[in-house]
Amino acid sequence: MNKHDYIGDNHILTNIKTPLTPNAIDKSDEEKIVNIQGHFAKIMEELGLDLTDDSLSGTPYRFAKMYVKELFYGLNPANKPKASTFDNKYGYSKMLVEQNITIDSSCEHHFLPISGYAHIGYIPKNRVIGLSKINRLVDYYSHRPQVQERLCLQILTDLQETLETEDVIVLVNAKHLCVSSRGIKDKNSYTTTIEYGGSFNDLAVRNEFFKICEFENRE
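Everything numeric in this text was worked out from a predicted model, so none of it was measured.

**Comments concerning the packing of helix H4 (residues 131–142) against helix H5 (residues 148–163)**
Right, on to step 1. Relative orientation of the contacting elements H4 and H5 amounts to 140 degrees, with a least axis distance of 10 Å. When the axes of H4 and H5 are compared, the pair comes out oblique. As for how H4 packs across H5, the hand of that crossing is right-handed. Between H4 and H5, the residues in contact are Ile134, Leu137, Val138, Tyr141 and Ser142 and Leu151, Gln154, Ile155, Asp158 and Leu159, respectively.
Right, on to step 2. Broken down by class, the residue content of the contact of H4 with H5 amounts to seven nonpolar, two polar and one charged.

**Comments concerning the state of the cysteines**
Right, on to step 1. Overall, the coordinates contain zero disulfides when judged by the stated rule.
Right, on to step 2. Cys107 takes part in no disulfide bond, and the closest cysteine sulfur to it belongs to Cys178, at a distance of 3.9 Å.
Right, on to step 3. Given a relative accessible area of 10%, Cys178 falls into the buried group.

**Comments concerning the packing of aromatic side chains**
Right, on to step 1. Summed over the entire model, instances satisfying the criterion amount to nine aromatic pairs.
Right, on to step 2. With centroids separated by 4.8 Å and ring planes inclined at 80 degrees, the aromatic side chains of Tyr67 and Phe72 adopt a geometry described as edge-to-face.
Right, on to step 3. Classification of Phe72 by relative accessible area gives buried; the value is 8%.
Right, on to step 4. Here the aromatic rings of Tyr140 and Tyr141 are separated by 5.0 Å at their centres, their planes lie at 65 degrees, and the arrangement is edge-to-face.
Right, on to step 5. A residue is classified by how much of its surface remains accessible, and Tyr140, at 4% relative accessible area, is buried.
Right, on to step 6. By the ring-pair criterion, three or more aromatic residues cluster together here, those being Phe40, Phe63, Tyr67, Phe72 and Phe111.

**Describing the side chain of Arg144**
Right, on to step 1. Summarising the element assignment, Arg144 is placed in the loop between H4 and strand E5 (145–146).
Right, on to step 2. For the buried Arg144, no salt bridge exists, and the shortest N-O distance to an oppositely charged side chain is 8.0 Å, to Asp158.
Right, on to step 3. Within the local environment of Arg144, its side chain forms a polar contact with the side chain of Thr18, the two groups lying 2.9 Å apart.

Calculation notes
Residues numbered from 1 in each chain as written. Predicted model: local features only at pLDDT ≥ 70, side-chain atom pairs only at ≥ 80, totals over all residues. Heavy atoms only, no water. Axes fitted to C-alpha atoms, helices over the stretch in contact; angles between N-to-C directions. Helix = DSSP H or I, 4+ residues; strand = E, 2+ residues; numbered from the N terminus. Parallel < 35°, antiparallel > 145°, perpendicular 65-115°, else oblique. Left-handed = near helix turned anticlockwise from the far one by under 90°. Contact = heavy atoms within 4.5 Å. Nonpolar A, V, L, I, M, F, W, Y, C, P; charged D, E, K, R; others polar. Disulfide = S-S within 2.5 Å. Buried < 20%, exposed > 50% of the residue type's maximum accessible area, 1.4 Å probe, protein only. Phe/Tyr/Trp six-rings, centres within 6.5 Å; stacked < 30°, edge-to-face > 60°. Lys, Arg positive; Asp, Glu negative; His and termini not counted. Salt bridge = Lys/Arg side-chain N within 4 Å of Asp/Glu carboxyl O. Polar contact = N/O pair within 3.5 Å; in protein donor to acceptor, adjacent residues only side chain to side chain.

Shown next as structure tokens:
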């Protein structure tokens, strides 16, 4: 077995931050598109595809633009949505849950889709956040090569810092195409990851969240 096959089949999480080179954002999007376009054309040629064909001739550019502008826009910090928060003037102190937030990500081991849903809860203290901002934050972190465990942690820590409270929980339930379309080719399995802090360390509080999300806690 090639060592990369072995490593790629293990979810190795070395850092909560996405592993980026020091010059990751030095080039403009346009420069990256031009470079990726050339590299992907070579890949297609190695596969034996005829790039003079009308159907294929524009594929390297479309591929490069999709990678930079769409699938992996979350790699550029400049694209991070502004997470506006507000004073908790209502004094709301019970759990708030945002469910079924779409996850549209990519596995960093095979660059194949990860699709599913995130369910996020928090207990406000001094600050609250606009509901759509939670969705935008999930979308931002999803649109980069990911490991599901890291995705959970990145969303959790960002919301904890933004809301100035540890009382946040993130549950992600997703299907990995690298499992369903290659390797074991299991078409039905899903992966669930959970990260939480503060009040959610209490089993009763977690169970309240799971009940709202219709997930059974098996502890």
